Amino acid sequence: MASETSLSIVIIDDDVTLCEMVRDTLARKFPGAVFATYNTGEDALAQITEQPDIAILDYQLDSVRPDAMNGIQILTKLKERFPDLPVIFMSAQDRMEVASNTIKYGAYDYIVKGETAFHKLELAVRQIAQMRTLKKSHGFQKAMNMVFWVLVLALVVYIVYLRLH
């Protein structure tokens, strides 16, 4: 799928090993995707200058910096900067109120780390990639419709011009 080859994916997790595992797993499933990994939300916020296609974010980000912002705070900052950014939470927090808060603040999905997490993550990324492709094709279709109507209008104007002269 063409859209999958051009995906840019940001992974924000204070667990370096998990960042690598997520990147490696998704790289196998989405060849050609470009990845950036950050071990603190603050680093991600400081270094992300253009909107990625997808962000994968942990809830607890305090093992590198004890005073670090949590995932909800990072989500809020990312959404202020990139309102349309799909953010997938992938966290060990399995409390319902944590999951519902992430969705309330604009997360696309919430995945509890566990034995099925990577499969669920792949499915979520695939859904986002497909939605992205549909949005692009819809935009192309709208542009072609506009060209069609401009040509029809030009033809009508030309016919009227020929009849008047």
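Nothing here was measured: the structure is a model prediction, and the numbers come from that model. (Residues numbered from 1 in each chain as written. Predicted model: local features only at pLDDT ≥ 70, side-chain atom pairs only at ≥ 80, totals over all residues. Heavy atoms only, no water.)

## Some details on the environment of Asp62
Right, so step 1: With respect to the helices and strands, Asp62 occurs in the loop between β3 (54-57) and α4 (71-81).
Right, so step 2: As a C-alpha pair, Asp62 and Asn39 span 23 residues in sequence and 9.5 Å in three-dimensional space.
Right, so step 3: Ignoring anything within four residues of it in the chain, the contact list for Asp62 reads Asp14 and Ala68. (Helix = DSSP H or I, 4+ residues; strand = E, 2+ residues; numbered from the N terminus. Contact = heavy atoms within 4.5 Å.)

## Remarks on the pattern of salt bridges
Right, so step 1: Tallied over the full model, the rule gives seven salt bridges.
Right, so step 2: Between Lys29 and Glu122 there is a salt bridge, with its nearest N and O atoms 3.7 Å apart. With a gap of 93 residues between them, Lys29 in helix α2 (residues 16-29) and Glu122 in helix α6 (residues 117-164) connect regions that are remote in the sequence.
Right, so step 3: Look at Lys29 and you get partly exposed, because its relative accessible area is 39%.
Right, so step 4: The class for Glu122 is buried, based on a relative accessible area of 14%.
Right, so step 5: Ionic pairing is found between Arg95 and Glu97, a salt bridge with its closest N-O pair at 2.9 Å.
Right, so step 6: For Arg95, a relative accessible area of 42% gives the class partly exposed.
Right, so step 7: By relative accessible area, Glu97 is classed as partly exposed at 45%.
Right, so step 8: Where salt bridges share partners, they join Asp13, Asp58 and Lys113 into one cluster. (Salt bridge = Lys/Arg side-chain N within 4 Å of Asp/Glu carboxyl O. Buried < 20%, exposed > 50% of the residue type's maximum accessible area, 1.4 Å probe, protein only.)

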